[in-house]
Amino acid sequence: MNYKQISRKIVKILLPLAIGIALLWYMYRNQDLGEMMNIVKKGVRYDIILLSLVFGLLGNLFRGIRWSMLIDSLGKRVRRKNALYAVLGNYAINMVFPRVGEIWRCGVTSKYEKIPFTKLLGTLFVDRIMDWFVVMSLTLCLCVFNIGFFRNFFSENPPALVKTLYACITSVWTYAGLAVFALLVWLVFVVFRRLTFVRKIIDILKNIWEGVKSLWKIEHKILFIIETLSIWGCYFLYFFIPFYAFEFTGDLGLRIALIAFAMSSIGVAAPVQGGIGVWHFMIISTFVAFGVSKTDAGAFALVVFTVQTVWTVITGLFGIVALPIVNAKREKTETEI
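Residues numbered from 1 in each chain as written. Predicted model: local features only at pLDDT ≥ 70, side-chain atom pairs only at ≥ 80, totals over all residues. Heavy atoms only, no water.

Enquirer: Could you clarify how one ought to interpret helix 5 (residues 100-113) in this entry?
Expert: Note that an α-helix has 3.6 residues per turn; residues three or four places apart therefore point the same way. With 14 residues, helix 5 extends 20 Å from end C-alpha to end C-alpha; this agrees with the ideal 20 Å at 1.5 Å per step. A positive backbone phi angle near 55 degrees is found at Lys114, which sits one or two residues after helix 5. (Helix = DSSP H or I, 4+ residues; strand = E, 2+ residues; numbered from the N terminus. Expected span 1.5 Å × (residues − 1).)

See the structure below:
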């Protein structure tokens with residue numbers, strides 16, 4: 001790699017991380033760190049938090065099984081181990097390069113299963129769309145029954161994203177840009193469709209669309225829905241069980257836990273390593289809205305995020321290391337046969 005490529009990679013790592021750390025500093029800057037460290041050392045049942053880690057791993061394993069079902073619908077059965085290890089490794093890589101883990105997941109599976117990368121990318125789109133649908137459905141349901149909380153939350157903590165979206169929607173330049181983009185698409189795919197590089201782009205898009213259509217081709221659709229519910233059920237327990245590791249969250253109840261879970265899921269979607277900073281902001285703001293002190297909420301976010309991040313890295317590294325080992329054995333066996 002040349003200097004420019006190295007510089008871009010460094011920026012891709014450091015810029016989102018810097019944003020996350022800045023938000024982290026903003027949330028903890030006025031808190032009593034001494035009291036918080038006292039909670040971290042003496043006020044946490046770490047055995048309960050360790051129990052929750054099992055459900056985090058189970059959720060990712062269910063995700064691997066669900067993804068393999070999407071790949072199977074393309075016409076070739078993928079080895080379950082490869083799909084599972086690739087999903088685990090996906091999350092570890094995201095801790096360094098935000099959102100690059102998904103590309104790596106498709107790339108490494110394409111390498112070992114001999115399936116076109118672009119088709120796998122299409123199945124990944126379906127995978128993420130299902131996640132978006134679950135989180136948005138949960139959030140909307142919670143909004144209906146807890147409208148007061150969400151109205152107060154977004155009025156007291158107006159997200160920059162909402163302001164940006166509003167500015168874009170009301171700007172004439174947005175619509176001018178869309179018109180120019182539509183013209184360019186028409187020129188490329190209609191006027192210049194016979195050019196070689198345009199044909200290659202069209203072939204890539206067709207492969208991606210083939211992967212997206214995998215959702216309709218799934219043989220066991222009910223099982224796919226069960227897998228989806230299992231993923232998010234495990235993720236919720238992964239988040240909820242640690243409530244009982246702290247005195248100040250043990251009595252919050254299921255309703256508040258679901259609200260906090262929805263907010264944390266939105267935070268994790270931010271293009272920052274592991275959602276660092278954004279996740280803390282969502283959790284602390286939600287807990288404070290329900291009467292938890294800022295110091296206690298900060299301690300919960302700090303402990304749970306740290307332990308779960310370490311767990312994600314450990315299981316992810318296992319997946320990354322296991323993939324070449326498992327497939328080396330497979331290639332050796334096939335050669336001997």
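Enquirer: What should I look at first to understand the pattern of salt bridges in this one?
Expert: Opposite charge on two side chains lets them pair, provided their charged atoms get close. For the structure shown, the criterion picks out 10 salt bridges. Where Arg45 meets Asp47, a salt bridge forms, and the shortest distance between an N and an O atom there is 2.8 Å. Residue Asp47 is classed as partly exposed on the basis of its relative accessible area of 43%. A salt bridge links Asp72 to Arg80; its shortest N-O distance comes to 2.9 Å. Arg80 sits in the partly exposed class, given a relative accessible area of 30%. (Salt bridge = Lys/Arg side-chain N within 4 Å of Asp/Glu carboxyl O. Buried < 20%, exposed > 50% of the residue type's maximum accessible area, 1.4 Å probe, protein only.)

Enquirer: Please clarify how unusual backbone geometry should be interpreted in this entry.
Expert: A negative phi angle is the norm for most residues apart from glycine, just as the trans form is the norm for most peptide bonds. Even without being glycine, Lys114 reaches a positive phi, approximately 55 degrees. Residue position: Lys114 is located in the loop between helix 5 and helix 6 (117-145). The exposure class assigned to Lys114 is exposed, which follows from its relative accessible area of 63%.

Enquirer: Just checking my understanding: could you explain the nonpolar core for this structure?
Expert: One recurring pattern in soluble globular proteins: nonpolar side chains tend to sit buried together. Among the nonpolar cores identified, the biggest contains 59 residues, and Trp67, Phe239, Phe243, Phe246, Phe287 and Phe300 are the most heavily contacted of them. Elements supplying a minimum of two residues to this core: helix 3 (46-72), helix 4 (80-94), helix 5, helix 6, helix 12 (221-240), helix 13 (253-268), helix 14 (278-289) and helix 15 (294-336). Among the elements that take part in this core, helix 15 stands out by supplying 10 residues, more than any other. In contact with Trp67, not counting residues within four places along its chain, are Ala83, Ala86, Val87, Arg105, Cys106, Thr109, Leu120, Thr123 and Leu124. Listed in part, the seven residues of the second largest apolar core include Leu142, Phe149, Ile259 and Ala262. (Core = buried A, V, L, I, M, F, W, Y, C linked by side-chain atoms within 4.5 Å. Contact = heavy atoms within 4.5 Å.)

Enquirer: So what exactly am I meant to see when it comes to the packing of aromatic side chains here?
Expert: Geometrically, a pair of aromatic rings is defined through the distance of the ring centres and the angle of the planes. Enumeration according to the criterion identifies 17 aromatic pairs in this entry. Residues Trp232 and Tyr235 carry aromatic rings whose centres are separated by 5.3 Å and whose planes lie at 85 degrees to one another, so their mutual orientation is edge-to-face. Highlighted residues: Trp232 and Tyr235, both in helix 12, separated by three residues, approximately one helical turn. In this structure Trp232 comes out as buried when scored by relative accessible area, which is 14%. When its relative accessible area of 13% is taken as the criterion, Tyr235 is described as buried. Ring centres of Phe246 and Phe248 lie 5.3 Å apart, and the angle between their planes is 45 degrees; this geometry places the pair in the tilted category. Residue classification places Phe246 among the buried positions, given a relative accessible area of 2%. Among the residues examined, Phe248 registers a relative accessible area of 21% and is labelled partly exposed. Positioned above the aromatic ring of Trp67, the side-chain terminus of Arg105 is 4.7 Å from the ring centre. (Phe/Tyr/Trp six-rings, centres within 6.5 Å; stacked < 30°, edge-to-face > 60°. Lys NZ or Arg CZ within 6 Å of the ring centre and 35° of its normal.)

So, to be careful, I would describe these as geometric facts and stop short of saying anything about function.
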